[in-house]
Amino acid sequence: IGHSCLTLLGVSISSNCSSKAHKMRPQIILLKEGTDTSQGKAQLISNINACAIVVDAIRTTLGPRGMDKLLVNSKGEATISNDGATILKELDIIHPAAKILVDIAKSQDSEVGDGTTTVVLLAGELLKQCKKFIEDGVHPHHIVTAFRRATTESIKLINSIAVKINKDDPVKLRELLERCAATSLNSKLIHQQKEMFAKMVVDAVMSLESNILPLDMIGIKKVPGGALEDSFLVDGVAFKKTFSYAGFEMQPKRYTDPKIALLNIELELKAERDNAEIRVNNVQEYQRIVDTEWKILYDKLDLIQKSGAKVVLSKLPIGDVATQYFADRDMFCAGRVESNDLKRTMKACGGAIMTTAYDLDDTTLGTCQKFQEKQVGADRYNLLTGCPAGKTCTIVLRGGSKQFLEETERSLHDAIMIVRRALKHDAVVAGGGAIELEISKHLRELSIKEDNRQQLFLAAYAKALEIIPRQLCDNAGFDSTNILNKLRARHADGSRWCGVDINNEDVADNMIACVWEPALVKLNALTAASEAACLILSIDETIKSARSGQGQVGGGTPAAVAGRGRGRPM
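Residues take numbers from 1 onward in each chain, read along the sequence in its written order. Only residues with pLDDT of at least 70 are given local features in this predicted model, and only at 80 or more are side-chain atom pairs given and counted; all residues enter the totals for whole chains, interfaces and linings. Each side-chain value is derived from all of the structure's non-hydrogen atoms; neither hydrogens nor water enter the calculation.

Undergrad: Explanation requested: the overall build of the chain in the structure shown.
TA: Segments assigned H or I by DSSP are reported as helices when at least four residues long, segments assigned E as strands when at least two residues long, and all are numbered from the N terminus. Within the chain, the secondary structure is distributed over 18 helices and 23 strands. The proportion of buried residues among the 570 residues of the chain is 46%. By the convention used here, residues are in contact when the closest approach between their heavy atoms is within 4.5 Å. Contacts in the chain between residues at least 24 apart in sequence constitute 74% of all its contacts with a sequence separation of at least 6. Working definition of accessibility: Shrake-Rupley area with a 1.4 Å probe, residue cover restricted to the visible protein chains. Surface summary for the chain: the accessible area is close to 28900 Å², and the carbon and sulfur share equals 51%. Buried, partly exposed and exposed residues are distinguished by accessible area as a fraction of the type maximum, computed with a 1.4 Å probe on protein chains only: under 20%, between the cut-offs, and over 50%, respectively.

Here is the structure:
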């Protein structure tokens, strides 16, 4: 009995000592109070689920039969769009992992211009396919390795089968560019007028400098009212009539071969600055000051008139005195012209934007064949056409509402970017899910040759690519299972350009049907989607810092109140 008691006593003593040691151990605080941490498999699954919700938000906007989204911001302003990047920007997503999908949509929009919905759909489907592997305990590193290999193989395949553009034949080149633009416009709000706008977009891009194709040299002006078919392209510069003073209506509104002065100077009597003080002893001194001000203004006006300029455009205001002066001498003037419009005028008409009136001569003055002021809807526009340099153009859009015009502008921006990329990178592929099915077939064949777990991951990547043709069918109301079975059979028989035929609810050779896209769109979309998926898979812990004001300072005083504000006493 004594032995057993000693043993029990020993246990109690040892446990008591260990508890004391535990209490004496110092507490380690790494993160600020209120910081949220989550990690492990559950965190990864949570990130994938968040991305799936983002994908579901824009899934129905893909393709020619895609639906539009009506977005209302905090100010009550409405936006109607089916552009993936625009929708994701307006959604104001705060989930850190889901923001990665917003970023890849933005990068696709800025780099290529089209395919923003495609890239988000692909990234979301890649994550969805590998979700079951994560739940089964597969390490994400193995999936990431397989996905990167699959992306490399996909890029190789696209580069090997893409059709090269023959730039030596201008007729074929133009035809191909128009078809690329029409394919981009297929899924937009203005798809009914895609033929008209495709020609307009190609004309606009072809008028730019061929080596750099600067996007800012294409001006887009929106004029509410009228029909969409009333839109037109100005081979030169067009800008809205600026604010004008009395005497403006006396100025001529039409010139042939005029000289154009581009200025960045103020042509009006300047008001004194705040708290300015001029001390004069008599009336004569005051009169000298006034006379000098008028002389400075008239000297500038005389110099402009003697230079031979007939059209005067200034970035800064042109006052009522100058307006009347020019009207008396049959000259046209416009002040407060937007900086971008003035820059495009310089590119098109030649000359230079001057900050002084003393160096105006033939080298600094621009010219054009025809200048006129024209009524467009309820507004008046100044048009400069027949420009000698001819490196710019302006698209004037007409439409019923502000939201419709803004969506039309976004649609044309996508088409312009596509044509620019097609000119710079001379390769195209068939759209309508054709290239995705061909890559999927290639990766399935590759996966069969693998004798390890890579076989599963390559097959998952191949299946994820089928989301594009499947979603095209779903958005058009077709039986996606039936269409996909037909597509797989056709691709197995060697019809590599076979894709979804939206018009006939069937499959067709989209290369013959002229549904073309620049290969760069697909290359960029696959690379960005794969990298985004790999990035999200490689995140195993999220540490979210406490927001400002949530933590506590000192004796329970909120951080937002603890600091001294303006005028707060110590």
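Still more to cover.
Undergrad: Whenever I open this one, the pairing of strand β15 (residues 379-385) confuses me. Can you help?
TA: In the case of a regular strand, side chains alternate between the two sheet surfaces. Of all 7 residues in β15, 5 are buried; the element is thus mostly enclosed. By definition, two strands form a pair when at least two bridges between them are found by DSSP. Relative to β15, strand β14 (residues 370-376) runs antiparallel, the two being bridged by 7 bridges. Paired with Glu373 across the two strands is Asn382, which belongs to β15. Count of turn residues in the β14/β15 antiparallel hairpin: 2 residues, of which Gly377 carries a positive phi of about 65°.

Undergrad: Could you clarify how one ought to interpret the environment of Arg444 in this entry?
TA: Within the fold, Arg444 resides in helix α13 (residues 434-448). In this structure the C-alpha to C-alpha distance between Arg444 and Ala462, which are 18 residues apart in sequence, comes to 6.2 Å. What Arg444 contacts, discounting residues up to four positions off in sequence, is Ala462, Lys463 and Glu466.

Undergrad: How should I be thinking about the packing of aromatic side chains in this particular structure?
TA: Within a pair of aromatic rings, the relevant descriptors are the distance that separates the centres and the angle that separates the planes. Side-chain rings of Phe, Tyr and Trp, where Trp is taken by its six-membered ring, are said to pair if the distance between their centres is within 6.5 Å; with planes under 30 degrees apart they count as stacked, over 60 as edge-to-face, and otherwise as tilted. Per the counting criterion, the structure on display carries 9 aromatic pairs. A centroid spacing of 5.8 Å and a plane angle of 80° characterise the contact between Tyr325 and Phe326, whose relative ring orientation is edge-to-face. Here the two residues Tyr325 and Phe326 agree in accessibility, since each one is buried. An aromatic cluster is built from Phe248, Tyr255, Phe332 and Phe371, whose rings are joined through pairwise contacts. Looking at Lys241, its charged tip hangs above the ring of Phe248, at a distance of 4.7 Å from the centre. The rule is short: NZ of Lys or CZ of Arg within 6 Å of the ring centre and within 35 degrees of the ring normal puts a charge over the ring.

Undergrad: Hey, could you run me through the pattern of salt bridges in this one?
TA: If charged atoms from side chains of opposite charge come close, those side chains can pair. Salt bridges are counted wherever a side-chain nitrogen of Lys or Arg sits within 4 Å of a carboxyl oxygen of Asp or Glu. One pass over the structure, following the stated rule, counts 25 salt bridges. Lys295 is the partner of Asp299 in a salt bridge, and the nearest nitrogen-oxygen pair spans 3.0 Å. On the criterion of helical spacing, the pair formed by Asp299 and Lys295 is a turn pair, its members being 4 residues apart in helix α9 (residues 283-306). Judged by its relative accessible area of 27%, Asp299 is partly exposed. Residues Asp341 and Arg344 are paired through a salt bridge, measuring 3.2 Å at the closest nitrogen-oxygen approach. With a gap of 3 residues between them, Asp341 and Arg344 both fall in helix α11 (residues 339-349), about one helical turn apart. Pair check on accessibility: Asp341 and Arg344 agree, each one buried. Salt bridges linked by common partners bring Arg444, Glu466, Arg470 and Arg488 together as one network.

Undergrad: Sorry if this is basic, but what is going on with the side chain of Thr117 here?
TA: Position of Thr117 among the secondary structure elements: in helix α5 (residues 116-135). We call two N or O atoms a polar contact when they sit within 3.5 Å, provided that within protein one can donate a hydrogen and the other can accept it, with sequence-adjacent residues counted only if both atoms are side-chain atoms. Within the local environment of Thr117, its side chain forms a polar contact with the backbone nitrogen of Gly84, the two atoms lying 3.4 Å apart. Here Thr117 is in contact with Ile58, Thr61, Leu62, Asn82 and Gly84, once residues within four sequence places are set aside.

Undergrad: Teacher, can you tell me more about helix α17 (residues 519-537) here?
TA: Given 3.6 residues per helical turn, the α-helix brings residues three or four places apart onto the same face. Multiplying 1.5 Å by the residue count of a helix minus one yields the expected span of that helix. Its 19 residues place the ends of α17 27 Å apart at the C-alpha level, agreeing with the 27 Å of an ideal helix rising 1.5 Å per residue. Within α17, 15 of the 19 residues are buried, which leaves it mostly tucked inside the rest of the structure.

Undergrad: Teacher, can you tell me more about helix α16 (residues 480-492) here?
TA: The terminal C-alpha atoms of α16 lie 18 Å apart, and with 13 residues this matches the ideal 18 Å at 1.5 Å per residue to within 8%. Taken together, the buried positions of α16 are Ser480, Ile483, Leu484, Leu487 and His491. Around the axis of α16, the buried residues are gathered within 95° of arc, so they sit on the same side. In α16, the exposed residues that point more than 90 degrees away from the buried face are Thr481 and Ala492. Where the residues of α16 are buried, they touch α13, α15 (467-476), β18 (498-501) and β19 (506-509). For α16, the capping residue at the N-terminal end is Asp479, with a side-chain oxygen 3.3 Å from the backbone nitrogen of Thr481. Looking at the residues trailing α16, positive phi occurs at Gly494, about 105°. Relevant arc is that of directions from the helix axis to the C-beta atoms, nothing else.

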